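One-letter residues, chain by chain:
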Amino acid sequence: MGSGPGDSWDAAVAGHLRGIHDLLDELRLPPGRGEALRLRLRSVEARAADPELRVAVFGEASSGKSTLLNAFMGRRLLPSSARVTTHTTTVLRYRGGAEGVTVRTGDDGVLTWPSREFSRWAGCRRGSGQDALEPALERVLTTELARQVRDLEVLSPVPLLGGDTVLLDTPGFSVTDPGHRELAEAAVRQADLALVVVPAVAAMSMTLVDFLGGPLLDHHDRCAFVLTKMDLLDDDERSEVVGIVEDRLRELGIDDPVLLPCAPGEALKALTAHRAEPDGPRAERTAPGVDRPGPAGHLAGFRSVEARIAWLATERRKSAMVATVLGLLAQLLVAVEDSAQAQRAALLRTERGLAALSLPDFPAFLDAWAQRTLDRAGQQLSRAASAGIPETSRAELDADVAAAVAGDKIGNVSEAAENVSRTVRLHVRADAERAVRTAADHAGELLASAAGQLAHDFAAEYSAPAGLAGETWTVPVAPRVAAGGLADPDLSGVDRTLTGIGEQLTTSGRLRTGGGAMAGALAGSLIAPGLGTVIGGALGALLGKGSHEALRTRFLERVRPLVTAAYEEIDTLTGASMLRLRVGVAESIAELRARYEDQWGAERRWRSGADRRSRPARRLCRRRTGPPAVPPARPRSWPGP
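This one's a predicted model, so the numbers in the text were calculated from it and none came from an experiment.

**Student:** Got a minute to help me understand the confidence of the model for the protein chain in this structure?
**Tutor:** Low pLDDT marks regions whose predicted coordinates should not be analysed in detail. Summing up the model confidence of the protein chain, the mean pLDDT is 74 and the portion of residues at 70 or higher is 73%. When mean pLDDT is taken per element in the protein chain, strand β9 (residues 259–261) scores highest with 95 and helix α16 (residues 508–512) scores lowest with 38. Across residues 280–291, confidence stays below pLDDT 50; counting only partners more than four residues off in sequence or on other chains, it has eight contacts. When the criterion is pLDDT under 50, residues 506–545 qualifies, and its contacts beyond four places in sequence or with other chains add up to 59 contacts.

**Student:** Would you mind going over the sheet that holds strand β3 (residues 100–105) with me for this structure?
**Tutor:** Think of a sheet as strands paired side by side through backbone hydrogen bonds, with each pair either parallel or antiparallel. Here nine strands make up an open sheet; going across it, the order is β4-β3-β5-β2-β6-β1-β7-β8-β9 and the pairing mixed. The open sheet has two free edges, formed respectively by β4 (110–113) and β9, since each of these has just one partner strand. The mean inter-strand angle of the sheet, taken between neighbouring strand axes irrespective of direction, is 20°. Bridge count between β3 and strand β5 (residues 149–156): six bridges; the pairing is antiparallel. Bridging across to β5, Val103 finds its partner in Leu152. Against the sheet, helix α8 (residues 235–251) touches β8 (223–228) and β9, its axis set at about 155° to β9.

**Student:** Is there a simple way to think about the environment of Ser80 in this case?
**Tutor:** With respect to the element layout, Ser80 can be found in the loop between α3 (65–73) and β2 (90–94). The spatial distance from the C-alpha of Ser80 to the C-alpha of Leu141 is 9.8 Å, given a sequence separation of 61 residues.

**Student:** Which parts of the structure should I look at to understand helix α11 (residues 362–387)?
**Tutor:** In an α-helix there are 3.6 residues to a turn, and that puts residues three or four apart on one side. Across its 26 residues, α11 extends 38 Å between first and last C-alpha, which sits within 8% of the 38 Å expected from 1.5 Å per residue. Where α11 is concerned, the buried positions are Phe362, Phe365, Leu366, Trp369, Ala370, Thr373, Leu374, Ala377, Gly378 and Leu381. Positive phi shows up at Gly388, right after α11, with a value of about 65°.

**Student:** How do you make sense of the pairing of β2 when you look at a structure like this?
**Tutor:** Two faces make up the sheet, and in a regular strand the side chains alternate between them. Here β2 runs beside β5; their pairing, made up of five bridges, is parallel. Opposite Tyr94, over in β5, you have Ser156 as the bridge partner. Relative to strand β6 (residues 165–169), β2 runs antiparallel, the two sharing three bridges. Across the sheet, the residue bridging to Val91 is Leu168, located in β6.

**Student:** How should unusual backbone geometry be read in this particular structure?
**Tutor:** Backbone geometry follows two general trends: most residues other than glycine have a negative phi, and most peptide bonds adopt the trans configuration. With an omega of 0°, the peptide bond between Trp113 and Pro114 qualifies as cis. Summarising the element assignment, Pro114 is placed in the loop between β4 and α4 (116–122). Positioned with a positive phi, Asp108 is a non-glycine residue whose angle comes to about 70°. If you trace the backbone, Asp108 turns up in the loop between β3 and β4. The backbone phi angle of Met204 is positive, close to 55°, even though this residue is not glycine. Mapped onto the elements of the fold, Met204 is located in the loop between β7 (193–199) and α7 (206–212).

**Student:** Before we go on, may I ask you to explain α8 in this structure?
**Tutor:** Here α8 contains 17 residues, and its C-alpha end-to-end distance of 26 Å stays within 8% of the 24 Å for a straight helix at 1.5 Å per residue. Here α8 has its buried residues at Arg238, Val241, Val245 and Leu249. Mapping the buried residues of α8 onto a view down its axis gives an arc of 70°, with all of them on the same face. Seen from the buried face of α8, the exposed residues on the opposite side, beyond 90 degrees, are Asp236, Ser239, Glu240, Ile244 and Glu251. Those residues of α8 hidden inside the fold are in contact with α7, β8 and β9.

**Student:** What exactly am I supposed to notice about the nonpolar core here?
**Tutor:** One broad trend across soluble globular proteins is that nonpolar side chains are buried collectively. One finds Phe72, Val101, Phe118, Trp121 and Leu195 to be the most contacted residues of the largest nonpolar core, which totals 50 residues. For Trp121, the contacting residues outside a window of four places in its chain are Val103, Thr105, Leu111, Val140, Leu145, Gln148 and Val149. Membership of the second largest hydrophobic core comes to 30 residues, among which are Phe173, Ala184, Ala194 and Leu208.

Calculation notes
Residues numbered from 1 in each chain as written. Predicted model: local features only at pLDDT ≥ 70, side-chain atom pairs only at ≥ 80, totals over all residues. Heavy atoms only, no water. pLDDT = per-residue confidence, 0-100. Helix = DSSP H or I, 4+ residues; strand = E, 2+ residues; numbered from the N terminus. Contact = heavy atoms within 4.5 Å. Pairing = 2+ DSSP bridges. Axes fitted to C-alpha atoms, helices over the stretch in contact; angles between N-to-C directions. Expected span 1.5 Å × (residues − 1). Buried < 20%, exposed > 50% of the residue type's maximum accessible area, 1.4 Å probe, protein only. Arc of directions from axis to C-beta. Core = buried A, V, L, I, M, F, W, Y, C linked by side-chain atoms within 4.5 Å.

Here's what the structure looks like:
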């Protein structure tokens with residue numbers, strides 16, 4: 001195929017479509033908007049690549065639409081529209097050689113004519129050729145079978161269809177039938193030319209006017225109006241009717257209406273006669289004084305209209321394609337402008353947010369956190385110190401002491417005293433260590449929780465500039481806190497006291513003799529200095545006499561106050577350990593505060609300066625339609641654990 005004006009036009013359209021495609025790839029439009037334009041572009045590209053010229057034919061019942069189509073086909077192939085009951089658009093497409101029909105039913109079945117399956121479905125005799133095709137279409141279009149038809153295509157070697165022209169025969173239009181309206185709108189959207197059939201004897205009915213203002217309202221530039229039944233008018237009426245129709249169309253907003261007056265019925269008669277008489281139709285006789293063309297004359301006028309329709313389809317396809325491309329460009333420009341407006345609005349909101357933003361004083365922020373954490377730790381340690389040793393633990397110690405002197409064990413006072421001393425020393429020390437260690441663990445957990453809360457509060461206070469600068473900012477990692485770093489309790493005083501108890505109670509010789517009073521006094525002064533030597537002397541005297549039972553009773557009666565005194569000293573020592581633990585907690589809080597100020601201070605200074613750095617970028621963004629300027633890199637990385 002040689003090159004020509006059509007080739008250069010197609011190349012220009014393809015070039016414009018490629019340009020739109022490139023623009024869509026470059027512009028950062030909102031996802032929904034960009035995808036809608038891409039779908040529209042793909043549809044236009046597919047239409048541009050399709051060489052067919054599509055002519056949709058619209059008309060009321062009895063307007064002459066079926067006669068016009070049959071004249072295009074060269075014979076009475078389609079039944080009168082008044083008898084058609086199908087609610088689908090019939091596609092008339094060219095095919096050289098044998099004719100054919102393809103029917104797609106509502107259940108997605110596909111039937112082709114001629115075939116045994118089609119004949120069985122349609123209930124007609126099987127055969128091919130014109131004599132079999134016409135009754136087959138009659139059955140499909142005018143009987144109950146029409147309700148099953150979803151798509152209908154007729155293939156025929158018609159000269160008008162030979163130049164890649166496709167006719168779309170729509171049902172007789174009715175603005176009150178939603179199905180007809182939807183079919184009309186679908187047909188006109190894919191048509192290059194819309195032929196509106198207007199009967200000359202009843203032109204511009206209200207139904208036609210409503211149809212032009214409804215489904216065809218946005219497609220007037222693709223409409224051409226075929227004035228049929230012109231042969232039924234007198235000679236002096238024809239030009240008058242053409243003028244009236246033209247004026248009425250202009251009133252409806254069609255500035256330059258295309259009118260194609262013809263007589264398809266007379267042309268069809270001539271074509272039928274020509275087919276019936278191979279040597280050509282007979283010359284028609286007209287009455288004297290009557291200048292009215294016969295079928296042969298009307299056929300020549302119809303051929304002229306047919307050629308004009310083919311030319312209009314080509315030209316209107318070009319203009320429609322140009323209009324579509326321009327429409328795409330217009331939509332793209334609108335999308336770009338909308339996107340630019342949205343970006344400008346976002347920048348304005350950012351500027352207002354930065355102007356209203358007031359970052360808190362960082363040292364004061366850290367001081368407040370440190371004081372809150374120290375207060376909580378102090379309250380927690382005070383509660384631990386006041387709680388002392390649980391009564392359950394003391395009861396367990398009483399039971400252990402009693403077991404140490406049970407039965408004959410009291411007979412060997414020295415061994416019994418040593419066992420009691422060891423039991424008291426181990427138990428009381430374990431209680432003291434447990435109390436202080438539990439308090440230390442709770443303090444460590446408090447510090448870890450407070451460190452995490454500080455990271456969260458820091459993000460809440462200082463992340464606003466990051467969002468306004470267009471960044472996604474994550475909460476910084478809180479430094480880890482190791483509870484093992486806290487000081488262990490100092491129980492040296494407890495050790496000294498309990499050791500003295502053991503040394504004095506195990507001097508069995510003195511406890512058995514008169515020196516028992518002196519030994520008891522010494523033991524009493526060591527176990528509980530505040531009790532003096534009176535209790536110790538009494539203890540020593542009792543240890544030197546009596547039966548095992550009496551001795552055990554007196555021994556336990558005198559030991560329990562001493563154990564109580566030991567617990568009181570333990571409470572004093574653990575209280576002192578709690579004070580030292582509080583000092584350690586305060587030191588840890590101060591250390592954490594210093595680490596936070598050092599590691600996050602640079603980030604805070606960078607954030608607080610974001611507004612000053614971004615102002616020139618925002619002023620620049622007002623003059624262009626790009627994204628917000630990217631802020632400079634952070635001066636340092638986030639602190640690790």
